[in-house]
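The residues making up each chain are set out below.
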Amino acid sequence: MTSSLLPTYARAPIAFEKGEGAWLTATTGELYLDFGGGIAVASLGYSHPHLIKTLHEQGDKLWHTSNLFQIPQAERLAERLCAASFADYAFFTNSGAEALEGVIKTARKYHSVSGNPHKTHMITFQGAFHGRTLATIAAAGNEKYLDGFEPRLPGFHNVAFGDLDAVKAALSPEIGAILIEPIQGEGGIRVAPAQFLKALRALCDEHGLLLLFDEVQSGVGRSGKLFAYELSGVMPDVMAIAKGIGGGFPLGAFLATKEAAKGMTVGTHGTTYGGNPLATSIGNAVLDIVLEPGFLAQVTAMGELLQQKLHALQDRYPGIILEVRGEGLMRGLKVAPPVADFTTAARAQKLLVIPAGDNVARLLPPLIIGAEEIEEAVLRLDAACQTLASPQLSGAAE
Ligand SMILES: *Cc1c(COP(=O)(O)O)cnc(C)c1O
């Protein structure tokens with residue numbers, strides 16, 4: 001198929017025209033169960049009535065005014081995010097990468113105004129993903145994404161995920177911060193051990209460094225907590241969120257303590273679209289649901305049910321499923337066949353799952369998922385494993 005879209009994606013030969021809850025209807029009329037959520041974005045599933053109502057109400061009134069004026073919807077969303085987290089301030093963005101850019105700039109500015117302008121470097125981790133801008137590809141250090149885009153933004157020291165000795169060895173007078181995903185998403189649903197995060201916090205406190213969390217994927221209820229850092233109890237100084245907060249509308253943010261943000265004064269940072277009335281109305285609507293009493297407990301319960309069923313599936317297909325990982329509704333299956341074959345086999349069963357690094361298939365269903373849909377998804381995974389176990393059954397060797 002010829003396309004005028006820049007061919008940077010190997011797209012599956014399928015398009016969707018409507019969605020309802022966890023289900024997507026393709027242009028062919030076929031119904032798919034979506035355990036990818038548009039990459040952890042459709043936190044409330046598709047066509048959630050509260051989001052649609054908010055979109056229509058605010059859409060009828062006012063979309064955009066710019067940050068030259070007061071934006072009550074953004075004020076309210078910032079206040080709610082801060083009240084529910086470690087943070088004192090929020091800055092809204094249009095994407096995860098833009099939120100990370102803000103996190104990185106905040107860390108540099110902090111040391112600059114603290115009389116440590118040399119502390120411009122940071123420690124980052126192998127397997128990380130922070131976005132596709134020049135700073136965020138340099139931060140993550142993934143050669144695949146850096147190749148051909150030289151010169152690299154300097155100042156990032158990439159060490160093994162979970163390796164405290166490597167972190168200590170990378171410390172130098174130039175290091176000003178440590179940036180980590182509490183649960184790596186693209187890297188293959190790798191959960192940072194609580195002890196490791198605690199040790200990083202202690203190291204940051206001891207050396208006057210900022211601890212920066214990237215919760216673009218793990219945040220906004222995905223882990224069963226509003227933010228995954230609550231699982232370890234380790235609080236960052238600055239944190240990026242995006243994906244789930246917009247429920248499908250492009251919205252991100254970085255959150256910071258007053259101390260960490262002390263250099264971010266008038267004129268130091270900006271965005272034209274970021275936090276506009278339409279985007280932040282929808283962010284508020286997502287929070288209305290996610291902060292409802294019992295919502296996160298239900299995410300945790302469904303996450304446990306999913307994990308239990310995935311372990312049973314692993315018992316049935318130990319040659320295909322090597323490991324079950326994750327927290328809440330952010331689960332990963334490390335598989336034996338190439339992960340692309342696994343996700344293709346799942347798609348042949350009308351189940352969408354998402355490939356990640358480390359040969360892991362990611363399951364990121366909407367947070368509103370119920371037990372019956374989890375049951376259905378695992379039945380479809382079972383059928384996919386069967387076709388992979390006996391390839392002659394597979395009509396889907398695309
Ligand atoms: C998706 C993602 C990003 C980048 O977000 P974009 O909206 O694609 O720019 C950054 N960090 C993590 C952990 C992500 O999962």
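I tried to follow the site of the ligand on my own but got confused; where do I start?
In the neighbourhood of the ligand, the contacting residues comprise S95, G96, A97, F129, H130, G131, E181, D214, V216, Q217 and K243. One of the backbone N or O atoms of G96 is found 2.8 Å from an oxygen atom in the ligand. F129 is positioned such that a nitrogen or oxygen atom in its backbone is 3.1 Å from a nitrogen atom of the ligand.

Could you clarify how one ought to interpret the domain arrangement of the chain in this entry?
Accessible area lost on assembly of the parts is the figure often given for the size of an interface. Per the domain assignment, the segments making up the chain are domain 1 (50–290) and domain 2 (294–337 + 349–361 + 380–398). Tallying the contact residues gives 20 residues for domain 1 and 16 residues for domain 2. Summing both sides of the interface, domain 1 and domain 2 together bury roughly 1,300 Å²; the carbon and sulfur share of this comes to 67%. Together, I189, R222 and G224 form the three largest contributors to the area buried by domain 1 at its contact with domain 2, with a combined 37%. Applying the counting criterion to the domain 1 and domain 2 interface returns zero salt bridges.

Would you mind going over the packing of aromatic side chains with me for this structure?
Centre-to-centre distance and the angle between the planes together describe a pair of aromatic rings. One pass over the full model with this rule turns up seven aromatic pairs. Here F129 and Y145 contribute two aromatic rings whose centre-to-centre distance is 6.0 Å and whose plane-to-plane angle is 80°, an arrangement assigned as edge-to-face. A residue pair is termed long-range when its members are at least 10 positions apart, and F129 in the loop between strand 5 (121–125) and helix 5 (134–140) and Y145 in helix 6 (residues 143–146) qualify at 16 residues. An aromatic cluster of at least three residues, connected via ring pairs, comprises F86, F227 and Y229.

For this particular structure, what's the right way to read the sheet that holds strand 17 (residues 360–363)?
Whether parallel or antiparallel, the strands of a sheet pair through hydrogen bonds between backbone atoms. One open sheet accounts for four strands, arranged 13-14-17-16; its pairing is antiparallel. A single partner strand is all that each edge strand has here, and the edge strands are strand 13 (321–327) and strand 16 (354–356). Sheet twist, expressed as the average angle between the axes of neighbouring strands with direction ignored, equals 30°.

Whenever I open this one, the sheet that holds strand 6 (residues 156–159) confuses me. Can you help?
What the seven strands build is an open sheet, ordered 4-12-11-10-7-5-6; its pairing is mixed. Only two strands of the sheet have a single partner each, and these edge strands are strand 4 (89–93) and strand 6. Neighbour-to-neighbour, the strand axes of this sheet turn through a mean angle of 20°, independent of strand direction. The pairing of strand 10 (residues 210–214) with strand 11 (residues 238–241) spans three bridges and is classified as parallel. Pairing of F213 across the sheet is with M239, part of strand 11. Along the sheet, helix 3 (residues 72–83) contacts strand 4, strand 11 and strand 12 (252–256); its crossing angle with strand 4, the most-contacted strand, is approximately 125°. Running at roughly 170° to strand 11, helix 4 (residues 96–113) makes contact with strand 4, strand 5, strand 6, strand 7 (175–180), strand 10, strand 11 and strand 12 of the sheet.

When you look at the side chain of S85 in this model, what are you seeing that I'm missing?
On the secondary structure map, S85 appears in the loop between helix 3 and strand 4. Side-chain polar atoms of S85 contact the backbone oxygen of L81, separated by 2.8 Å. Setting aside chain neighbours within four positions, we find S85 in contact with F227, Y229 and L255.

How should unusual backbone geometry be read in this particular structure?
For the peptide bond that leads from E150 to P151, omega is -5°, which places it in the cis range. Along the chain, the position of P151 falls in the loop between helix 6 and strand 6. Residue I189 is not a glycine yet carries a positive backbone phi of 50°. As for its placement among the helices and strands, I189 is situated in the loop between strand 8 (183–184) and strand 9 (190–191). Residue K350 is not a glycine yet carries a positive backbone phi of 65°. Here K350 is to be found in the loop between helix 12 (339–348) and strand 15 (351–352).

Where do I start with helix 10 (residues 277–290) in this structure?
Think of an α-helix as turning once every 3.6 residues; residues three or four places apart then point the same way. If you check helix 10, its first and last C-alpha atoms are 20 Å apart, about what 14 residues at 1.5 Å a residue would give, namely 20 Å. Extensive coverage of helix 10 is indicated by the burial of 13 of its 14 residues. The N-capping residue of helix 10, defined by a side-chain oxygen 3.1 Å from the backbone nitrogen of L278, is N276.

What is the right way to read helix 4 from this model?
The end-to-end C-alpha distance of helix 4 is 26 Å, a good match for the 26 Å that 18 residues give at a rise of 1.5 Å each. Those residues of helix 4 not exposed but buried are G96, A97, A99, L100, G102, V103, I104, T106, A107, Y110 and H111. Between a side-chain oxygen at the N-terminus of helix 4 and the backbone nitrogen of E98 the separation is 3.1 Å; the capping residue is S95. Immediately downstream of helix 4, the backbone of G115 shows phi near 80°, a positive value.

Would you mind going over the nonpolar core with me for this structure?
Within soluble globular proteins, side chains that are nonpolar generally end up buried alongside one another. Core analysis: the largest hydrophobic core is formed by 78 residues, its most contacted members being F35 and F125. Per-element accounting of this core gives the leading share, seven residues, to helix 11 (residues 295–316). Two domains each donate at least three residues to this core, and these are domain 1 (50–290) and domain 2 (294–337 + 349–361 + 380–398). Listed in part, the 24 residues of the second largest apolar core include M122, A177, L210 and A242.

Criteria and thresholds
- Residues numbered from 1 in each chain as written.
- Predicted model: local features only at pLDDT ≥ 70, side-chain atom pairs only at ≥ 80, totals over all residues.
- Heavy atoms only, no water.
- Near = heavy atom within 4 Å.
- Polar contact = N/O pair within 3.5 Å; in protein donor to acceptor, adjacent residues only side chain to side chain.
- Domains from an automatic or database assignment.
- Contact = heavy atoms within 4.5 Å.
- Buried area = accessible area lost by both parts, 1.4 Å probe.
- Salt bridge = Lys/Arg side-chain N within 4 Å of Asp/Glu carboxyl O.
- Phe/Tyr/Trp six-rings, centres within 6.5 Å; stacked < 30°, edge-to-face > 60°.
- Helix = DSSP H or I, 4+ residues; strand = E, 2+ residues; numbered from the N terminus.
- Pairing = 2+ DSSP bridges.
- Axes fitted to C-alpha atoms, helices over the stretch in contact; angles between N-to-C directions.
- Expected span 1.5 Å × (residues − 1).
- Buried < 20%, exposed > 50% of the residue type's maximum accessible area, 1.4 Å probe, protein only.
- Core = buried A, V, L, I, M, F, W, Y, C linked by side-chain atoms within 4.5 Å.

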